[in-house]
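# Secondary and tertiary structure notes
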Number of protein chains: 2
Amino acid sequence: MSHVVKKRKLDKTRQDRLYFDSYSDVTIHEEMIADHVRTSTYRTAILRNSESIRGKVVLDVGAGTGVLSVFCAQAGAKKVYAVEACSIAEQAAKIVRHNKLEDRIEVIRGTVETAELPEKVEVIVSEWMGYALLHESMLNSVLYARDKWLKPGGLILPSKAELFIAPVSDPVLEDRLHFWYTVKEQYGVDMSCMSDFARRCLMNSDITVNAVTVEDVLSHPARFAELDLYAVTAEELRSVGGHFRCESFGSAAVNAFCVYFTVTFPCPDKPQAQALVLSTSPFKAETHWKQAVLYLDAPVDVVQDTPVTGTVRMYPSKESARHICIHVDYTIGEQKRQSKTFSIPD
Amino acid sequence: MSHVVKKRKLDKTRQDRLYFDSYSDVTIHEEMIADHVRTSTYRTAILRNSESIRGKVVLDVGAGTGVLSVFCAQAGAKKVYAVEACSIAEQAAKIVRHNKLEDRIEVIRGTVETAELPEKVEVIVSEWMGYALLHESMLNSVLYARDKWLKPGGLILPSKAELFIAPVSDPVLEDRLHFWYTVKEQYGVDMSCMSDFARRCLMNSDITVNAVTVEDVLSHPARFAELDLYAVTAEELRSVGGHFRCESFGSAAVNAFCVYFTVTFPCPDKPQAQALVLSTSPFKAETHWKQAVLYLDAPVDVVQDTPVTGTVRMYPSKESARHICIHVDYTIGEQKRQSKTFSIPD
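Described below are features of the structure shown in this document. (Residues numbered from 1 in each chain as written. Chains lettered and ligands numbered in written order. Predicted model: local features only at pLDDT ≥ 70, side-chain atom pairs only at ≥ 80, totals over all residues. Heavy atoms only, no water.)

Here the focus is the sheet that holds strand E9 (residues 240–247) of chain B. Residue and element names in this part refer to chain B. Judged by pairing direction, the sheet is antiparallel, and its 4 strands sit side by side in the order E9-E13-E14-E15 without closing on themselves. Since the sheet does not close on itself, it has two edges, and those belong to E9 and strand E15 (338–343), each with one partner. Pairwise comparison of adjacent strand axes, ignoring direction, gives a mean angle of 20° for this sheet. Examined bridge by bridge, E9 and strand E13 (residues 307–316) share 8 bridges and lie antiparallel to one another. In the sheet register, His243 faces E13, and the bridge partner there is Thr311. (Pairing = 2+ DSSP bridges. Helix = DSSP H or I, 4+ residues; strand = E, 2+ residues; numbered from the N terminus. Axes fitted to C-alpha atoms, helices over the stretch in contact; angles between N-to-C directions.)

Here it is in structure tokens:
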């Protein structure tokens, strides 16, 4: 009963402190380690690259509990610097000792922007992806580490990120809008006039993190952006996006767009092998990232092959640089062009 | 990934604004109306009291969408003043017109402390109960309305509240603590040393709102407080509590206490009829209030008939008068007396 909305402008230091505080609780780390797609894909990617890692120096940016650093040590790294700004670093240090790797993994408590490493590194590994890929903008720290600490020709894991969009329907939303029509039958009070208020509340400008069911995806997803982690700059991250074009599978009501990402792990040792992809697609096994759902202002009906086109632009919020905004310009069928800007609520 | 913790002291006006803001979204109203135990018990209680309501003037304190006001009009009230401080009052006014009751229900936007009614009332109806009964301390407003607007001999619905406590086990918590022992088998990294950190994070001082399963309740619940809404004062609400004594059903690990409430609706017209009780007990159908779960610092083993005794005291938080704190002094079996203070996180 206390969904209290709090919005205010934070100074950057306080923002950073709150951001790093949020990783001190066990829940998020449990969720990340227990996310089998995430943890096993990183593990496989690191072990598959053992030829590039063996005997080398690795930097783990935002190491958390240090699990990726341990994988790198297991892959033969000579030294791993596990840089972690929040107090979970203490647990990482314990885990390193517990696994008898303290001679090869050094946990450094601090931000990668301030950490002083005694040497440059051949490999950077990082699990930096936030909701809708860029929420929390931790990728900036990886790029900073790349420019400052990665030796020329070094390896970045993962090395590529891609963003996708698709129109979706949301039956739960439809049920919730319909709910107000059912009150009269149940309690003798006609509350159907609440439906419009409900629509305005529910089809709002929040980026909703939700698992989209396969059947609710209304077209093949379209890729609208690609980031090459060897090349992309912090400046370019200030606006990420591109065009998309989808065609609906069949007749349905479009309620929302769903945005998701994949990241790809190269395997330079094995040019023949297929690249390893960590996908958060609704067509793949669910991850803790689920999908980012962006509700339209009202449902729009489509039929088979109705074109859904537009552009997406993602950029950091003015109020908090770690918060992502997503602006979508879109046209559905014969409708006139519309646009809506979404952000992740506090 | 953004479980950002925010704590700060709010001035009272801002607190109130945030409190009332939180009821402007549709979700909480949907949850309350869809809570069948809540809505149908209120409806039955109001209709059963139609002899006391017919031709009378009613005040609905914190009317929300106005559903209780409509029930009162249906029970024959001559006039209902539906006082609601937040902007949902606009929806309530719409619903009143939609049900053609605008001549009998007057929606007044404002707090009951500032609202000016043109007359005194014979009946006060209110759904004021928060998590753990007293969170949000809306009962103070009902008492204020009683003292200012209720005629002598008037009816209050509900008229009594009772608080209960029982020791419980939480298998989900146990699974989560055990999780860190399973990582080695799955990913080859021994993370068992995280279990202690996990226990400190999860068995914390937050009042957790959670549905407790019947099988996890380890004794008959004990009543530790009763409030007579005709008599209790705002001063008395500054500290509500009492002693409890439970005896465990069998061998188990106590992880937590569960606190819940019931409220009782009198039926003065029908002294023979059993009083109507709205119960949030884990032994009854689930409500949106679920139960308030208070984790111990560590599990404690009990066997059949192990006594679990102590005192509970509930009081408003110093930082925010609408936030409830629960202090529990307890002794389990031969253990020495322990105490812990809980609060609802922001």
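Anyway, onward from the coordinates.
One pass over the full model with this rule turns up 30 salt bridges over all chains. Here A:Arg199 ties to A:Asp196 by a salt bridge, and the two come within 2.9 Å at their closest N and O atoms. Of this pair, A:Arg199 and A:Asp196 both sit in helix H9 (residues 195–202), separated by 3 residues, roughly a single helical turn. For the salt bridge of B:Glu162 with B:Lys160, the shortest nitrogen-to-oxygen distance reads 3.9 Å. Salt bridges sharing common partners tie together A:Lys160, A:Glu162, A:Arg223 and A:Glu226. (Salt bridge = Lys/Arg side-chain N within 4 Å of Asp/Glu carboxyl O.)

End to end, helix H8 (residues 171–187) of chain B covers 24 Å across 17 residues, agreeing with the expected 24 Å (1.5 Å per residue, within 8%). The largest bend in H8(B) is about 40°, located at B:Trp180. Among the residues of H8(B), those classed as buried are B:Leu173, B:Leu177, B:Phe179, B:Trp180, B:Val183 and B:Tyr187. Contact partners of the buried residues in H8(B): helix H2 (26–34), helix H3 (36–48) and helix H5 (67–74) of chain A together with helix H9 (195–202), strand E10 (252–265) and strand E12 (291–302) of chain B. For H8(B), the N-terminal cap is B:Asp170; the gap from its side-chain oxygen to the backbone nitrogen of B:Val172 is 2.9 Å. (Expected span 1.5 Å × (residues − 1). Bend = angle between axes of the 7 residues up to and from the residue. Buried < 20%, exposed > 50% of the residue type's maximum accessible area, 1.4 Å probe, protein only. Contact = heavy atoms within 4.5 Å. Polar contact = N/O pair within 3.5 Å; in protein donor to acceptor, adjacent residues only side chain to side chain.)

The subject of this paragraph is the sheet that holds strand E15 (residues 338–343) of chain A. All names here are of chain A. Strand order in the open sheet formed by 4 strands is E9-E13-E14-E15, with antiparallel pairing between adjacent strands. Strand pairing shows two members of the sheet lacking a second neighbour, strand E9 (240–247) and E15, which therefore form its edges. Strand-to-strand twist across the sheet, computed as the mean angle between neighbouring axes with direction ignored, equals 20°.

This part covers the state of the cysteines. Residues and elements named next belong to chain B. Enumeration according to the criterion identifies 0 disulfides over all chains in this entry. Cys72 carries a free sulfur, and the closest cysteine sulfur to it, the one in Cys267, is 14 Å from it. Owing to a relative accessible area of 0%, Cys72 belongs among the buried residues under this scheme. Between Cys193, a free cysteine, and Cys201, which holds the nearest cysteine sulfur, the sulfur-to-sulfur gap is 13 Å. (Disulfide = S-S within 2.5 Å.)

This paragraph deals with a nonpolar patch on the surface. On the surface, a cluster of nonpolar side chains totalling about 250 Å² of accessible area is made up of A:Val214, A:Phe249 and A:Phe283. Here A:Phe249 is to be found in the loop between E9 and strand E10 (252–265). (Patch = residues over 30% accessible without salt bridge, like charges linked within 9 Å, V, L, I, M, F, W, Y side chains within 5 Å. Areas by Shrake-Rupley, 256 points an atom, 1.4 Å probe, with all protein chains shown as cover.)

For the rest of this paragraph, the subject is the pairing of strand E1 (residues 57–61) of chain A. Residues and elements named next belong to chain A. Of all 5 residues making up E1, 5 are buried, and the element is well covered by its neighbours. The alternating pattern of E1 places Val57, Leu59 and Val61 and Val58 and Asp60 on opposite faces, both of which are buried. The sheet contact formed by E1 and strand E2 (residues 79–84) spans 5 bridges and is parallel. Residue pairing across strands places Val57 opposite Lys79, the latter belonging to E2. Running through H5, the crossover from E1 to the neighbouring parallel element E2 is right-handed. Relative to strand E4 (residues 121–126), E1 is paired through 4 bridges, and the arrangement is parallel. Residue pairing in the sheet places Val61 in a bridge with Ser126 of E4. (Right-handed = clockwise from strand over helix to strand, strands pointing away.)

Here we come to the pairing of strand E2 (residues 79–84) of chain B. Residues and elements named next belong to chain B. A large share of E2 lies buried, amounting to 6 of its 6 residues. Residue alternation in E2 divides its side chains into two sets, Lys79, Tyr81 and Val83 and Val80, Ala82 and Glu84, and both sets are buried. As defined by bridge partners, E2 adjoins strand E3 (residues 105–109) across 5 bridges and the pair is classed as parallel. If you follow Ala82 over to E3, its bridge partner there is Val107.

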